[in-house]
Amino acid sequence: MKEVALVTSNMHKLKEFRHGLAPLGYDVVHLPVDCDEIQADTLEEVVDRCLDDVVEMGHSNIILDDSGLFIDRLNGFPGVYSSYVFSTLGNEGILKLMDGSDDRRARFECCIGCQMDDVGRLVVKGSSPGRIIGEARGRLGFGYDPIFVPDGSERTFAEMGLDEKNALSHRGNAMRLFVNALSSKMKVD
Ligand code: ITT
């Protein structure tokens, strides 16, 4: 098993990464350091800058993600502001903004970046299309999970165990892309 250190303050993410990457041959340990989360236009920029910060602190073999919920009717809001909006408006606030709207389409995006000794830097992005429902449902997961139903399901992410969420989620998709990108880079280098 290869070891990677996940930089996050969110223990739910740690669980999802462990669950998703263990069968793919990675042991995920927690690296509880903070990078200054810059305000940027894209998830990729946030990930790149955060990797720079953590490398600067002297760490290697690190992985991290920046994620967001993009709602069509709100022109992609909260998007890169998802963290701030969750801590200020919360799910109730999003549901109010969506009140009366027929267009409920939304997607989660997850950008994963890593900095590895053997292959250098890799950044990939996964997404999960779906819709915002009318009322929060479910107690599992975290963040916006109770108000989002991914395509292909009738349940919110907050009504799913880790297996099911990872099979359909932005983070699960990004993890699969990440492992593929890593193994093809290893073959080339
Ligand atoms: P980090 O320390 O890893 O940055 P975080 O919780 O701040 O943890 P993000 O900045 O990636 O994570 O997330 C932005 C917001 O989107 C935040 O409020 C999360 O709760 C929410 N979010 C991220 N991934 C999610 C997921 O899989 N399901 C529901 N909400 C999610």
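Everything discussed here concerns the structure shown above.
Remember, predicted model here, so these are calculated numbers, not experimental data.

Engineer: Which parts of the structure should I look at to understand the pairing of strand E4 (residues 105-116)?
Structural biologist: The side chains of a regular strand alternate, first on one face of the sheet and then on the other. Counting buried residues in E4 gives 10 out of 12 residues, a clear majority hidden from the surface. Relative to E4, strand E3 (residues 62-71) runs antiparallel, the two being bridged by 10 bridges. Bridged to Ile63 within E4 is Cys114. Following E4, the chain reverses through 3 residues before pairing antiparallel with strand E5 (residues 120-132).

Engineer: Would you take a moment to explain the side chain of Ser153 for this structure?
Structural biologist: Topologically, Ser153 is positioned in the loop between strand E6 (148-150) and helix H5 (162-168). Exposure remark for Ser153: the relative accessible area of 14% places this residue in the buried category. In terms of polar contacts, Ser153 uses its side chain to reach the backbone amide nitrogen of Arg155, at 2.9 Å. Excluding its chain neighbours within four sequence positions, the residues that come into contact with Ser153 are Met160, Glu164 and Leu168.

Engineer: Teacher, can you tell me more about the site of the ligand here?
Structural biologist: Around the ligand, the structure places 19 residues, and the nearest of them are Thr8, Ser9, Lys13, Asp145 and Lys165. Between the ligand and Ser9, the relevant distance is 2.6 Å, taken from an oxygen atom to a side-chain nitrogen or oxygen of the residue. Here an oxygen atom of the ligand and a side-chain polar atom of Asp66 are 3.3 Å apart. Summarising the interface, the protein chains cover 90% of the accessible area of the ligand, which totals 600 Å² for the free molecule. For the shell around the ligand, the secondary-structure elements that each account for two or more residues are E3, helix H3 (82-88) and helix H6 (170-188). Here the shell around the ligand is composed, by residue class, of 4 nonpolar, 8 polar and 7 charged.

About the thresholds
- Residues numbered from 1 in each chain as written.
- Predicted model: local features only at pLDDT ≥ 70, side-chain atom pairs only at ≥ 80, totals over all residues.
- Heavy atoms only, no water.
- Buried < 20%, exposed > 50% of the residue type's maximum accessible area, 1.4 Å probe, protein only.
- Helix = DSSP H or I, 4+ residues; strand = E, 2+ residues; numbered from the N terminus.
- Pairing = 2+ DSSP bridges.
- Polar contact = N/O pair within 3.5 Å; in protein donor to acceptor, adjacent residues only side chain to side chain.
- Contact = heavy atoms within 4.5 Å.
- Near = heavy atom within 4 Å.
- Areas by Shrake-Rupley, 256 points an atom, 1.4 Å probe, with all protein chains shown as cover.
- Nonpolar A, V, L, I, M, F, W, Y, C, P; charged D, E, K, R; others polar.

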